[in-house]
Amino acid sequence: MCGIAATIALPPAARVNGSSKALNGHANGTNGTNGTNGNYKESIAKQLQAAVDLINHRGPDESGVWVSDDGSVGLGHCRLSINDLSPSGSQPLHSDDEQIHAIVNGEIYDYDRLREICATEHGYTFGGHSDSELVLALYKIYGAPAMFEHLRGEFAFVLYDSREGSKRVIACRDRFGIKPLVWTITGNRLLLGAEAKSFLGMGWQPEWDVNAIADSGWMMDERTLFRGVKKVLPGHWLELTERGLETHRYWDAEYPDKKQIEPRSIDEMVTGVRERLVEAVRLRLRADVPVGIYLSGGIDSSAVAGIVTELARKEHVKIGNKQATRVACFSVQFPEESGYNEADIADRTAKWLGVETIKKDVTEETLARDFADAAFHCEHHHFDLNSVAKFTLSELPRENGVKVVLTGEGSDEHFAGYPYFPCEFLREPDLSRPDEPLAKDNEKRDAMQKAASAEMNAIWRAIGAETYAGSGDNSILAEVNNNTMVNNLLAWHPTIGLFAPWVRECYGGKLDCRETVIASYPADVREKMRDQWHPLHTAEYIWNKSQLANILLSCLGDRTEMAHSVEARTPFLDHHLAEYVNGLPPSVKLAFVPPEEEGSATSGDPAHKNPLWQDAGSALRSLNAKWILREAARPYITDELYRRKKHPFLAPTRWPHGGALHRMFTELLTRERVENLGFVDVDVVENALASAFGENADTKAFRTLCYVGAWVTLADRLGVKPAKL
């Protein structure tokens with residue numbers, strides 16, 4: 001786990017066909033590296049060191065840079081020591097023949113087995129015991145893209161092959177986007193980094209990408225908030241050769257044909273999930289430092305904690321570098337009156353497991369204190385303060401000497417845990433299991449689908465959002481078989497009314513962000529959405545390519561964790577487990593609970609106390625989300641959790657007038673600062689400040705302040721130029 005930065009001279013073909021084409025003719029600043037070859041190399045090294053210093057929070061243990069003799073390639077790295085704490089684990093890394101060079105961020109699992117194969121079957125000589133060195137070995141043995149199928153874990157890396165006849169640079173990101181990797185072009189050089197702020201050390205001059213902000217592209221496709229800065233998409237890799245700069249896809253989610261009959265028994269599928277989940281957890285306990293768990297009041301992190309506890313006690317598996325039977329668990333605690341506090345149930349789970357719980361109180365004062373720092377580290381806006389709470393929580397592990405934590409991210413995305421999924425589950429029968437009650441009764445299913453849609457709209461309104469309507473022309477959804485998950489994604493997106501008049505005029509009042517969402521999917525995927533996949537699986541794909549990759553794994557994942565030098569590992573995003581779950585029938589993820597059984601299925605679950613569930617009716621309540629996960633995790637969780645509804649990790653949105661948050665936003669969002677953004681209507685922000693707090697607080701107005709507060713923070717700290725027409 002670390003921070004990485006790279007600078008690569010563009011070959012002539014890339015300067016003509018790559019940079020201008022990829023960035024619409026826009027280059028960000030100047031690299032300032034003119035001079036003799038010796039001075040040139042020294043200048044590159046200084047820029048790289050400045051870049052990694054800017055992201056030192058990702059790797060405070062040590063740093064290093066390497067520059068090729070001709071200065072054409074430079075690699076920089078700052079290290080968070082997790083595996084192989086010796087100097088042999090330092091980066092940049094070099095192959096056994098000194099011709100391939102790499103910087104690696106993240107973790108490669110199952111590396112003992114892979115290392116043995118590389119050494120004994122292929123004769124590769126390792127220089128140390130770091131899992132990162134596998135990237136070099138696998139590339140030398142298999143090349144790209146063949147090497148990617150052997151990589152299991154969360155990772156982003158840049159690799160330079162200097163061998164004659166195969167000279168190239170590749171940059172790769174893991175399948176789900178757990179680890180970040182962004183790139184831009186400055187002058188005649190390609191820059192890559194774990195965070196955009198690293199580019200400041202290499203001559204980048206940031207500007208807003210107003211189109212990407214307004215049309216939601218930063219959350220849906222390869223764009224970011226900054227003009228000319230792009231993400232390497234999950235499951236993709238860049239290749240820079242004399243031909244130019246190319247992007248390739250090496251992995252994507254796949255789902256079965258919705259008409260294909262499921263041959264497996266329920267017991268077989270439950271066992272299949274359980275075995276793969278236990279294996280995913282086991283692999284992620286390997287570390288040369290202590291390992292803890294982020295424990296909430298939900299089934300996902302609790303299942304992970306239960307599995308870790310059993311592995312330690314019954315199989316004597318080490319928890320990181322410790323032979324222990326108790327794992328440290330870290331939890332967040334909101335004010336009880338907010339309705340969002342899950343600390344009590346986390347405590348009961350910890351007591352049942354016999355593990356230690358360390359809690360962090362998140363108050364209005366801590367949210368106000370940490371808002372700007374969280375926005376700076378995340379490098380994008382967010383609709384909720386849950387990202388700030390996650391930032392605050394991530395102080396705890398480091399304060400207690402823990403560098404690695406296991407988390408529950410990725411479970412809801414694959415097991416259909418969110419309340420946004422039932423509407424699409426009910427849209428069509430699950431023909432893979434034709435004997436299921438809702439597959440045999442289309443009239444009941446259709447009625448439930450309409451009711452679930454209305455109930456979800458009520459939930460949106462209750463928590464300060466609206467189902468996105470766009471231009472009102474729903475024919476645009478035909479490309480995704482009328483799947484309304486596209487609308488749900490945009491419920492949190494700022495409306496066009498927030499933007500300055502010149503931005504609104506550019507779109508002629510006809511901006512429909514759903515076009516951005518749908519255009520982000522490859523043609524072959526859209527064809528499967530239309531004709532092959534069940535609507536639930538289409539909804540999962542849509543969610544995972546946007547909210548999961550660009551929100552949950554960013555401001556609720558890597559960015560807020562690594563701000564405090566904490567590595568998070570996500571067992572539910574093990575691709576072996578995810579691929580198995582993707583192949584399961586929709587009706588084992590969302591199970592229909594007949595009314596006569598509903599009481600027993602949800603007894604003891606105070607879901608009605610959670611703001612999200614107050615407006616849920618019988619349609620949503622009669623579907624048991626993540627049913628097969630509940631069965632698979634049953635031996636590791638309490639009866640209370642087994643029966644509990646999903647409670648998304650959200651922060652309270654109603655705060656007092658004159659309180660810490662009101663004061664913070666008032667001081668942050670001055671008229672001058674908002675006007676300096678260049679693309680926001682300052683009157684809308686001032687109206688939001690007047691209505692977002694107090695007894696009659698407008699929740700939508702509060703979310704507006706969250707958006708604009710993040711933009712102002714980034715403008716101040718990164719020196720982003722005001723946007724212009």
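Residues numbered from 1 in each chain as written. Predicted model: local features only at pLDDT ≥ 70, side-chain atom pairs only at ≥ 80, totals over all residues. Heavy atoms only, no water.

1. Quick word on the overall build of the protein chain
And step 1. Helices and strands together make up the secondary structure of the protein chain, namely 32 helices and 19 strands.
And step 2. In terms of C-alpha radius of gyration, the protein chain reaches 25 Å, essentially the compact-globule figure of 27 Å for 725 residues.
And step 3. Within the protein chain, buried positions represent 64% of all 725 residues.
And step 4. If you take every contact in the protein chain between residues at least 6 apart in sequence, the share linking residues at least 24 apart comes to 76%.
And step 5. Side chains of the protein chain give 80 positive and 102 negative charges; the mean places of these two sets differ by 0 Å. (Helix = DSSP H or I, 4+ residues; strand = E, 2+ residues; numbered from the N terminus. Rg over C-alpha atoms; globule rule 2.2 N^0.38 Å. Buried < 20%, exposed > 50% of the residue type's maximum accessible area, 1.4 Å probe, protein only. Contact = heavy atoms within 4.5 Å. Lys, Arg positive; Asp, Glu negative; His and termini not counted. Charge placed at Lys NZ, Arg CZ, Asp CG, Glu CD.)

2. Some details on the pairing of strand β3 (residues 73–79)
And step 1. Within β3, 7 of the 7 residues are buried, leaving the element largely enclosed by the surrounding structure.
And step 2. Alternating positions in β3 separate into two faces, Val 73, Leu 75, His 77 and Arg 79 on one and Gly 74, Gly 76 and Cys 78 on the other, with burial throughout.
And step 3. As paired strands, strand β1 (residues 2–9) and β3 are joined by 7 bridges and run antiparallel to one another. Residue Cys 2 lies in a different strand from β3, and its bridge partner there is Arg 79.
And step 4. Strand direction decides the pairing type here: strand β2 (residues 62–67) and β3, joined by 6 bridges, are antiparallel. What sits directly across from Val 67, in β3, is Gly 74. (Pairing = 2+ DSSP bridges.)

3. A word on the pattern of salt bridges
And step 1. If you walk through the whole model with that rule in mind, you get 63 salt bridges.
And step 2. With its nearest N and O atoms 3.2 Å apart, the salt bridge here joins Lys 258 to Glu 428. Residue Lys 258 is located in the loop between β12 (244–249) and α7 (266–283), and its partner Glu 428 is located in the loop between α14 (422–425) and α15 (437–440); the two are separated by 170 residues in the primary sequence. Each member of the pair, Lys 258 as well as Glu 428, is classed as buried.
And step 3. Shared partners join several salt bridges into a network, and the residues in it are Arg 58, Lys 179, Glu 195, Lys 197, Glu 379, Asp 558 and Arg 559. (Salt bridge = Lys/Arg side-chain N within 4 Å of Asp/Glu carboxyl O.)

4. Describing the nonpolar core
And step 1. Counting 193 residues, the largest nonpolar core has Phe 157, Trp 208, Phe 665, Phe 679, Val 708 and Trp 711 as its most contacted members.
And step 2. The leading source of residues in this core is helix α32 (residues 699–718), at 11 residues.
And step 3. In this structure Val 708 touches Leu 498, Leu 669, Val 674, Leu 677, Val 680 and Val 685, once residues within four positions along its chain are discounted. (Core = buried A, V, L, I, M, F, W, Y, C linked by side-chain atoms within 4.5 Å.)

5. Quick word on helix α9 (residues 343–353)
And step 1. Residues of α9 that are buried include every one of Ala 343, Ile 345, Ala 346, Thr 349, Ala 350 and Leu 353, and no others. The buried side chains of α9 occupy one side of the element, clustering within an arc of 165° when seen end-on.
And step 2. On its buried face, α9 sits against α8 (299–314), β14 (328–333), β15 (356–361) and α28 (639–642). (Arc of directions from axis to C-beta.)

6. Regarding the sheet that holds strand β9 (residues 189–193)
And step 1. Across the sheet, which stays open at both edges, the 6 strands sit in the order β2-β3-β1-β9-β8-β10 with antiparallel pairing between neighbours. Each edge of the sheet is formed by a strand with only one pairing partner; in this case those strands are β2 and β10 (230–231).

7. What to know about the packing of helix α3 (residues 111–121) against helix α4 (residues 133–142)
Axis angle and axis distance: for two packed helices, these are the angle between their axes and the distance between the axes, and together they describe the pair.
And step 1. For the pair α3 and α4, interaxial distance at closest approach is 11 Å and the crossing angle is 40°. On the basis of the axis angle, α3 is oblique to α4. Where α3 crosses over α4, the handedness of that crossing is left-handed. For the pair α3 and α4, the contacting residues are Tyr 111, Leu 114, Arg 115, Ile 117 and Cys 118 in the first and Leu 134, Ala 137, Leu 138, Ile 141 and Tyr 142 in the second. (Axes fitted to C-alpha atoms, helices over the stretch in contact; angles between N-to-C directions. Parallel < 35°, antiparallel > 145°, perpendicular 65-115°, else oblique. Left-handed = near helix turned anticlockwise from the far one by under 90°.)

8. Quick word on the side chain of Asp 384
And step 1. Within the secondary structure, Asp 384 is located in the loop between α10 (364–378) and α11 (386–393).
And step 2. Side-chain polar atoms of Asp 384 contact the backbone nitrogen of Ala 651, separated by 2.8 Å.
And step 3. Once residues lying within four places of it in the same chain are set aside, the contact partners of Asp 384 are Leu 650, Ala 651, Thr 653 and Arg 703. (Polar contact = N/O pair within 3.5 Å; in protein donor to acceptor, adjacent residues only side chain to side chain.)

9. Structural notes on the sheet that holds β14
Remark on secondary structure: sheet strands pair via backbone hydrogen bonds, oriented parallel or antiparallel.
And step 1. On the basis of which strands lie adjacent, the open sheet formed by 5 strands has the order β15-β14-β13-β16-β17 and parallel pairing. In the strand order of this sheet, the two ends are held by β15 and β17 (567–569), each with one partner. Here the average twist between neighbouring strands, direction ignored, is 30°.
And step 2. Of the pairings in the sheet, the one linking β14 to β15 comprises 6 bridges and is parallel in character. Of the residues in β15, the one forming a bridge with Ser 331 is Lys 359.

10. Quick notes on unusual backbone geometry
And step 1. Each neighbour pair has its own omega, and for Gln 91 with Pro 92 the value is 5°, a cis peptide bond.
And step 2. Topologically, Pro 92 is positioned in the loop between β3 and β4 (93–94).
And step 3. A cis amide bond links Ala 144 to the next residue, Pro 145, at an omega of 15°.
And step 4. Take Pro 145: it is sitting in the loop between α4 and β6 (153–161).
And step 5. Its identity as a non-glycine residue notwithstanding, His 316 has a phi of 55°, on the positive side.
And step 6. Tracing the backbone shows His 316 in the loop between α8 and β14.
And step 7. Using a relative accessible area of 56% as the deciding quantity, one classes His 316 as exposed.

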